[in-house]
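Observations on the three-dimensional arrangement
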Amino acid sequence: MDTLAQLLSDLFQNIWHQIQHFIVHHGPSVVLATVVLVVGWLVAVIIRQVSHKLLRSVGFNIFCEKFGFKALLQRGGVSSHPSYLVGLIFYWIILISALAVAFSTLELEEAHGFLMTVLWFL
């Protein structure tokens, strides 16, 4: 029984040391990646709203309607305004960029490279 108690004690001490090691060595980068994601998401939401309202105020929707782009979107099954779609494109570009930076912070280079490829495609 004494051996079992010693084994459990060693096991919990080992687990505790591993948790401390992870927090000390990887904790700051996890916190930084989380902050980057939250700030990136907030910036993306704000840019989406501002670009949508700005494009709508300068008559982008009317311009697209005159040149037939809105009819083209409607034939494709898209019922959103063109200014909203441009804002949505900005939103996703900023969000994917923030995710790529967060992955780079976590030293996940393959995921970072993949997201950069997606961004270059966009």
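The model shown is predicted, which means the values in this text are computed figures rather than measured ones. One numbering rule holds for all chains: residues counted from 1, following each sequence as written. Reporting in this predicted model follows two pLDDT cut-offs: at least 70 for local features of residues, and 80 or more for side-chain atom pairs to be given and counted; totals over whole chains, interfaces and linings ignore these cut-offs and use all residues. The side-chain numbers reported here are obtained from all heavy atoms of the structure, hydrogens and water having been left aside.

Glancing now at a nonpolar patch on the surface. On the surface, a nonpolar cluster with roughly 1100 Å² of combined accessible area is contributed by L4, L8, L11, F12, I15, W16, I19, F22, I23, V30, L106 and L108. Only DSSP runs of H or I covering at least 4 residues are called helices, and only runs of E covering at least 2 are called strands; the numbering of each starts at the N terminus. You can see L108 is positioned in the loop between α4 (82-105) and α5 (109-121). Relative accessibility decides the category of a residue: with a 1.4 Å probe and only protein chains considered, values under 20% of the type maximum give buried, values over 50% give exposed, and everything between is partly exposed. Using a relative accessible area of 40% as the deciding quantity, one classes L108 as partly exposed. Patches in this entry comprise residues that are over 30% relatively accessible and not in a salt bridge; like charges within 9 Å are linked, as are nonpolar side chains (Val, Leu, Ile, Met, Phe, Trp, Tyr) within 5 Å. What sets the accessible areas is the Shrake-Rupley method with a 1.4 Å probe; for residues, cover comes only from the shown protein chains. The term salt bridge refers to a pairing of a side-chain nitrogen on Lys or Arg with a carboxyl oxygen on Asp or Glu at a separation within 4 Å.

To continue, consider the side chain of N61. By the element assignment, N61 lies in helix α2 (residues 60-66). Apart from residues lying up to four places away in sequence, N61 is in contact with L55, R56, H81, P82 and S83. Here a residue-residue contact requires only that any non-hydrogen atoms of the pair lie within 4.5 Å.

With that settled, the discussion passes to the packing of aromatic side chains. Ring pairs are drawn from Phe, Tyr and Trp, using the six-membered ring of Trp, whenever the two centres fall within 6.5 Å, and their geometry is named by plane angle: stacked under 30 degrees, edge-to-face over 60, tilted for the rest. For the structure on display, the rule yields 2 aromatic pairs. Both rings, one in F63 and one in F67, keep their centres 4.6 Å apart while their planes meet at 55 degrees; by these two values the pair is tilted. Judged by centre distance (5.4 Å) and plane angle (80 degrees), the ring pair of Y91 and W92 falls under edge-to-face. Its relative accessible area of 11% is what places Y91 among the buried residues. When the ring centre of Y91 is taken as reference, the NZ or CZ atom of R48 above it lies at 4.8 Å. Here, a charge over a ring is recorded when the distance from Lys NZ or Arg CZ to the ring centre is within 6 Å and its angle to the ring normal is within 35 degrees.

Below, the discussion takes up unusual backbone geometry. Even without a glycine there, the phi angle at E107 is positive, about 60 degrees. Looking at the secondary structure, you find E107 in the loop between α4 and α5. The exposure class of E107 is exposed, given its relative accessible area of 66%.

A few words now on the environment of F60. Structurally, F60 is set in helix α2. With relative accessibility at 23%, the residue F60 sits in the partly exposed group. For the pair formed by F60 and I96, sequence separation is 36 residues and the distance between their alpha carbons is 25 Å. Contact partners of F60, with chain neighbours within four places excluded, come to L55, P82, S83 and V86.

A few words on α4. If you check α4, its first and last C-alpha atoms are 35 Å apart, about what 24 residues at 1.5 Å a residue would give, namely 34 Å. Those residues of α4 not exposed but buried are P82, S83, G87, Y91, L95, I96, A98, A100 and A102. Next to the buried residues of α4 lie α1 (2-57), α2, α3 (69-75) and α5. E107 sits one or two residues past α4 and shows a positive phi near 60 degrees. The span one expects for a helix is its residue count, reduced by one, times 1.5 Å.

Looking now at the packing of α1 against α4. Taken N-terminus to C-terminus, the directions of α1 and α4 make an angle of 165 degrees; their axes are 8 Å apart at the nearest point. Taken together, the axes of α1 and α4 lie roughly antiparallel to each other. Crossing of α1 over α4 shows right-handed handedness. Taken together, the residues of the contact of α1 with α4 sort by class into 21 nonpolar, 7 polar and 2 charged. Inter-axis angles, ranging from 0 to 180 degrees, are taken between N-to-C directions of lines fitted to C-alpha atoms, where helices are fitted over the stretch in contact. These descriptions rest on fixed angle ranges, namely under 35 degrees for roughly parallel, over 145 for roughly antiparallel, 65 to 115 for roughly perpendicular, and the rest for oblique. Each helix crossing is assigned a hand: it is left-handed if the near helix lies turned anticlockwise from the far helix by less than a right angle, otherwise right-handed if that turn is clockwise. Each residue receives one of three labels: charged for Asp, Glu, Lys and Arg, nonpolar for Ala, Val, Leu, Ile, Met, Phe, Trp, Tyr, Cys and Pro, and polar for the others, Gly being one of them.

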